[in-house]
Amino acid sequence: GWPASAGHQQACARPLTTSSTTRCILQHQKLSHGTAIGPRMQRCLPCTAAKPDEQGLATTTVVQQAGGKEELTPAELTWPARTHGAGMLRVQQVGEEGIVLCGWVDKNRDMGGVQFFDIRDHTGIMQVVCEPQSSPEVARIIGRLRSEYVVCVKGSLRARRDPNKKIPTGDVELLASEITVLNPVSQLLPFPVSESEVLKEPIKEDTRMRNRVLDLRRPAMQSNLRLRHKMMRAIRRFLEDEEDFVEVETPILTRSTPEGARDYLVPSRLTAGEWYALPQSPQLFKQMLMVSGLDRYYQIARCFRDEDLRADRQPEFTQLDLEAAWMDAPALQSLVEQLVQRIFKEVIEVELQLPLQRMTWHEAMDRYGSDKPDLRYGLEHVDVSAYVKDCGFKVFSGAVAEGGCVKAIRVPDGKRVSNSRIKPKGDIANEAVAGGAAGLASIRVLEGGDIDAAKPIKEGLSPEQIQGAISACAAEPGDLLLLAAGPKATVATALDRVRQFLAREVLGLVPSLSPQQTSSSGGGKGKGKGQQHQQQQNNHERQGQSSQQHSLLWVTDFPMFEYDEEQSRFIAMHHPFTAPHPDDLARPDNTAASWRAQAYDLVYNGVEIGGGSLRIYRRDVQARVFSLIGLSKEEAEAKFGYLLDCFELGAPPHGGLALGLDRLAMLLSGSPSIRDVIAFPKTTAAQCLLTNAPSPVPEQQLQELHVRTVPPPTSSNST
């Protein structure tokens, strides 16, 4: 080891050992030989074994580099124990000494004779102050702190002279007596973490995904993950403690099944040429658990679907899966309503009024053009076909004659919408075109029953036809009617897009979901200093500005089947295990297009957050449904024989539902994307920019799995 110097013997009278740290240099103030000994600093042996309360904090030093630049040298590896969270101290604790806080440097500032910095952890922020005249070494270190340095600070709590009422800790500050830099930041930060910094432009999402660990450190993201945790906790407590549900894990490696999205496949090493599939949902397993007599099952399940992605969709997602025997549809819906009511109360402190509104699928499509209508605002679709079917404007009369319809949306105080926006290539008209319509017609209602409209409409409609349409829409002078004509499905889709665009981007009835807002998720201007309580409050305020901030309803009585033109056959609108309405089962198979399913969806602010149904529990009924969707008896036996066999072993009547927890957390937090409530999400290309997954694997691994890669076809040789 390095030899001891006389200076050390006089100051400390302790033997020295070599080390890469400099603890003794500052703890034994008379030590001055440390830098003269050599590049390997020294310390006392007893310092290594001393307890923290005897020793104080591990010490950081300021080292002078070549050229006179001073840098902080972090302490040796140490695991300090904090006494409080940074956001937990209050004025009642003023005078306490020996307080230890650990966290990240949020902001640093020098006010001349006094130095300040904010320390941040998951509980919030605390201002730390140092008076250089009383603690020169601490002041020297604080002066060289940078954003996101990991520090531990010890001191006493005192009242602030200039309280900050914007944060819970704004009445107090920590007077630092010791400080340790546990880890400096050696790279340039790709974006600020502190909410006190104002961004000139939104953070690009790929930058956030590539630096996800740093992104998750931001107070907004911390708040989202904790909100998600509170939601999961509320679910488990309600289902287990109050409703006697049993959590059961179902297999992740299972077999591929049809009638859903594309499966993620996993090759079997032990059975060459055969594959597992990752579950799109535990649907069949939970039904078999009902046959087993479990009675009430639930699972917070991980599910996988290889499909095109968007802001509210991920290749792997989390859903609350539940199934119960001996419950009809109203009972199941009531159970889920109570669960959702509990979630809203415990997570965002909102009291939902039960029972929730119910609306049939046909009513939703007729009034809103969507099976998941947002009822926070009106703008309903009104069918005016009966009034214009014989008019001289061929766009209207021709659509009705061909079996289509003409529908209108009434916009109160229509002067808020300029003509340039509803004419061809205007942004509102473009929404109708994007929905499949040829265009958008408009009528402005004037005083005395007159209208302002395009010449073909004014000349093609009689006064009686005009008045009939105006009366049907309950329009008043000053209102604007926006009309679409064509096949019923096309009109529904087109006016649904127009309705949503009007509410979000034109009339301001609900918050906008513009691309800029989506890309800047949580990364805009700071709302004061970041802490959990304030961030959650801000999130809740973003839920909507209308009187109905939280609109939930059940959509019921879905069609059992829908016709797939590409496959020239019926497919199940939900899934083929949904029970048909008993009245429809008594009808012949050639009426299947009008059969109703005993299915129900839960809609929240225009987003489907859950869906379920009563299940088929008899083999003969299940076989009949398989036949109607084009599945032969042999195919059904090969793919679902194990389920069909269960139905002959005494299967009880049962039903269930799945709630999309990612979507629900997104809505409760006010986030524009589910990527903001998932710790490590994928991009819209199903990639993880943090870990670079998916990635190539060695050829040997592929050989063990009996798999080889085949390049995708190029444009020149593709068929």
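Everything numeric in this text was worked out from a predicted model, so none of it was measured.

Most of strand β14 (residues 316-325) is tucked away: nine of the 10 residues are buried. Of the strand pairs in this sheet, strand β13 (residues 296-304) and β14 are connected by nine bridges, and their pairing is antiparallel. Each bridged residue has a counterpart across the sheet, and for C303 the counterpart in β14 is F317. Two elements, β14 and strand β26 (residues 654-660), share seven bridges in a ladder whose sense is antiparallel. Note on β26: the bridge partner recorded for L320 is L659.

Right, let's talk about the packing of aromatic side chains for a bit. Across all of its chains, the model carries nine aromatic pairs by this definition. Ring centres of F561 and F570 lie 6.0 Å apart, and the angle between their planes is 50°; this geometry places the pair in the tilted category. When its relative accessible area of 3% is taken as the criterion, F561 is described as buried. Judged by relative accessible area, which is 24%, F570 ranks as partly exposed. Ring centres 6.1 Å apart and planes at 85° place the aromatic pair F577 and F626 in the edge-to-face group. With F577 in the loop between β23 (569-572) and α22 (582-585) and F626 in helix α23 (residues 619-628), this residue pair connects regions lying 49 residues apart in the sequence. Judged by its relative accessible area of 1%, F626 is buried. Site record: aromatic cluster; members linked through ring pairs are F561, Y563, F570 and W595.

Okay, the pattern of salt bridges next. Inspection of the entire model under this criterion finds 42 salt bridges. One salt bridge connects K286 with D321, and the closest N-O pair in it is separated by 2.8 Å. On the criterion of sequence distance, the pair formed by K286 in helix α10 (residues 283-291) and D321 in strand β14 is long-range, its members being 35 residues apart. According to the relative accessible area criterion, K286 is buried, its value standing at 2%. Judged by relative accessible area, D321 falls into the buried class, the value being 0%. Salt-bridge contacts for E431 lead to R497; the nearest nitrogen and oxygen are separated by 3.3 Å. Of this pair, E431 sits in helix α16 (residues 427-434) while R497 sits in helix α19 (residues 488-506), and the two are 66 residues apart along the sequence.

Conventions and cut-offs
- Residues numbered from 1 in each chain as written.
- Predicted model: local features only at pLDDT ≥ 70, side-chain atom pairs only at ≥ 80, totals over all residues.
- Heavy atoms only, no water.
- Buried < 20%, exposed > 50% of the residue type's maximum accessible area, 1.4 Å probe, protein only.
- Helix = DSSP H or I, 4+ residues; strand = E, 2+ residues; numbered from the N terminus.
- Pairing = 2+ DSSP bridges.
- Phe/Tyr/Trp six-rings, centres within 6.5 Å; stacked < 30°, edge-to-face > 60°.
- Salt bridge = Lys/Arg side-chain N within 4 Å of Asp/Glu carboxyl O.

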